[in-house]
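Fold and contact review
The chain contents come next:
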Amino acid sequence: MAALAAVLSTGFASCSDDDDADKTIVSGTQEALDQACSDWKVARADWENTEAFLFGAADVYSIDPHTDTWPVAANDLADVLRDEKTMANLDNFIKTANSGILGYHGLEYVLFRQGKPRQISQVTTLEYKYICAVAKDLYNATATLEAAWDSKESNAERHQIALNYVATHNAINDDGDAEGALAGFQNFGKAFKNPGTGDWETALDATLEIISGCQDIIGEVGDSKIGLPYTGEDNTYIESPYAYNSITDFYDNIVSCKNALYGQKGATTPNEKSLVYFCRNAGNATLATQANTVVTKLDAALAKIKAMKAPFALHYSDASCKAAIDALGELDDALGALAETLGGYAGNATVEAQCKVINENYVDNVVVATYRSLADNAQKLYKSILKINSKE
């Protein structure tokens, strides 16, 4: 979700004209690089499936910008990838580097060209060293998300990773630069389940945050991710341009909304503890109608995104983009109407009790389930990247 319209210089002296820079090619196989690219796409899908709930840890700990800032600051990253002094202390460098050269898109820049894996003969040892460090940091960030939402704190190893991450990384400002220490570790899953103990005063407040989180990413996909290139306002504002993964990113963003509203990772229909199920079956005709409209508009938006002409990086002005933008706008409106009606029940004890059920299910079966898969696949990606070098 994080994006920078303009990324500032990382502050490194340019090495682009340095003929003495190490240009040694990594000792590896194309098969290993291809596998890393495949695993990047899996891990990427998991991340996009989290974007309906970027409130909480992803925001408070600056994990969204740290792992998902785009467009890539390509010139700065190209310089860093030739800077042997930077490579000497990568783990510490990555904790404070400008976010425009990190995360999924920093990896994508090295791994892909024109929608395909790069040729192994083009990957230098410095690039390999860099993506190993970035992938390791990415895994630590995703493990932190899981631990920070796991109300049961069931994974001791990832809980410790989270403690270390929060203690060693910094907040990130709007320019993508490190700025001050992070707040101490807190358990957002416990707070979401137990109103009044954290950021959500009532159970209804938390349930409305589910809708708001969906609206945030729906608006970003329609207005920014698709809209800025389509309108010509900024045709460089293209997500995942090296892997040609943009349309898949957009689709998975809206899948994250479907999961959130249906109460289950990978849901095809609303489960009995979901927000949509409650609204359909609460005995309120207005809520039921609005929930059904949301379902209809959700399916329509997914279909319009899927029908966009690919790759988006080459066809961002196609009419299919406008169709997707319009469908997303209608979905946003439908959710806004539902939220307004639901918000009118503030203070209602019955609704408050039902919202608590919705929220507990949401934390365990949507947020934690997605973050756990995210961390598992980020760890797999890290291991695949290590294997690119046959000497490792």
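Residues numbered from 1 in each chain as written. Predicted model: local features only at pLDDT ≥ 70, side-chain atom pairs only at ≥ 80, totals over all residues. Heavy atoms only, no water.

**Here we look at the packing of aromatic side chains**
If you walk through the whole model with that rule in mind, you get 17 aromatic pairs. On the numbers, 4.5 Å between centres and 55° between planes, the contact of Trp70 with Tyr237 is tilted. Here Trp70 is found in the loop between α3 (63–68) and α4 (74–80), whereas its partner Tyr237 is found in the loop between α11 (203–231) and α12 (246–262), with 167 residues between them in sequence. Pair check on accessibility: Trp70 and Tyr237 agree, each one buried. For the ring pair Tyr109 and Tyr242, a centre distance of 5.4 Å and an interplane angle of 90° mean the geometry is edge-to-face. Pair noted here: Tyr109 is in helix α7 (residues 103–111) and Tyr242 is in the loop between α11 and α12, with a separation of 133 residues, a long-range link. Taking relative accessible area as the criterion, Tyr242 reaches 22% and is therefore assigned partly exposed. (Phe/Tyr/Trp six-rings, centres within 6.5 Å; stacked < 30°, edge-to-face > 60°. Helix = DSSP H or I, 4+ residues; strand = E, 2+ residues; numbered from the N terminus. Buried < 20%, exposed > 50% of the residue type's maximum accessible area, 1.4 Å probe, protein only.)

**Looking at the confidence of the model for the protein**
Put simply, the protein has an average pLDDT of 94, and 95% of its residues get 70 or more. Note on residues 5–19: pLDDT is under 50 here. Beyond four places in sequence and across chains, it has 26 contacts. (pLDDT = per-residue confidence, 0-100. Contact = heavy atoms within 4.5 Å.)

**With respect to helix α1 (residues 30–48)**
Between its first and last C-alpha atoms α1 spans 27 Å; for 19 residues at 1.5 Å apiece the expected length is 27 Å, and the two agree. All of the buried residues in α1 are Ala32, Leu33, Ala36, Cys37, Asp39, Trp40, Ala43, Arg44, Asp46, Trp47 and Glu48. (Expected span 1.5 Å × (residues − 1).)

**Description of the layout of surface pockets**
Computed from the structure, the largest pocket encloses a volume of approximately 340 Å³. In this structure, the largest pocket is lined by 23 residues; those nearest its centre are Met1, Ala2, Asp59, Asp64 and Pro65. For the lining of the largest pocket, the secondary structure elements donating two or more residues are α2 (57–60), α3 and α11. No other element matches the five residues that α11 contributes to the lining of the largest pocket. Among the residues making up the lining of the largest pocket, the classes are represented as 10 nonpolar, seven polar and six charged. Reported here for the second largest pocket is a volume of approximately 190 Å³. Breaking the lining of the second largest pocket down by element, the ones donating at least two residues are α6 (90–96), α8 (125–149) and α9 (156–168). (1 Å grid on protein atoms, 1.4 Å probe; cavity = no way out; pocket = protein on both sides within 12 Å on 5 of 7 lines; lining within 4 Å. Points joined across faces, edges and corners; volume = space filled by probe spheres on them. Nonpolar A, V, L, I, M, F, W, Y, C, P; charged D, E, K, R; others polar.)

**A look at empty space enclosed by the protein**
In this approach the atoms are scanned with a rolling probe the size of a water molecule, which exposes any empty space left behind. The full count for this structure, using the stated rule, is one cavity of 30 Å³ or more. For the lining of the largest cavity, the elements supplying multiple residues, two or more each, are α8 and α9. Here the lining of the largest cavity is built from residues that sort into one nonpolar, three polar and four charged.

**Here we look at unusual backbone geometry**
Trp70 connects to Pro71 through a cis peptide bond whose omega is -5°. Among the secondary structure elements, Pro71 is positioned in the loop between α3 and α4. Along the chain, Ala310 connects to Pro311 via a cis peptide bond; the corresponding omega equals -5°. Mapped onto the elements of the fold, Pro311 is located in the loop between α14 (285–306) and α15 (312–315).

**Here we look at the pattern of salt bridges**
As enumerated under the stated definition, the model contains 19 salt bridges in all. Among the salt bridges present, the one from Lys225 reaches Glu51, with a minimum N-O distance of 3.9 Å. Taken together, the positions of Lys225 in helix α11 and Glu51 in the loop between α1 and α2 put the pair 174 residues apart, joining distant regions of the chain. Three or more residues joined by partner-sharing salt bridges are found here, namely Arg44, Glu48, Glu51, Asp68, Lys225, Glu239 and Asp249. (Salt bridge = Lys/Arg side-chain N within 4 Å of Asp/Glu carboxyl O.)

**Focus: the pairing of strand β4 (residues 178–181)**
Both faces of the sheet carry side chains from a regular strand, because those side chains alternate between them. For strand β3 (residues 170–172) and β4, the ladder comprises two bridges, and the chain directions are antiparallel. Bridge pairing in β4 places Asn170 opposite Ala181. What sits between β3 and β4 in their antiparallel hairpin is a turn of five residues, with Gly176 showing a positive phi close to 85°. (Pairing = 2+ DSSP bridges.)

**Topic: the state of the cysteines**
As enumerated under the stated definition, the model contains zero disulfides in all. No disulfide involves Cys355; its sulfur sits 8.2 Å from that of Cys279, the nearest cysteine. For Cys355, a relative accessible area of 0% corresponds to the buried category. (Disulfide = S-S within 2.5 Å.)

**Points about the side chain of Asp64**
Following the sequence through the fold, Asp64 ends up in helix α3. Arg44 provides the closest opposite charge to the buried, unpaired Asp64, separated from it by 7.7 Å. With sequence-adjacent residues up to four places away left out, Asp64 is seen in contact with Met1, Ala2, Trp47, Leu54, Ala58 and Thr69. (Lys, Arg positive; Asp, Glu negative; His and termini not counted.)

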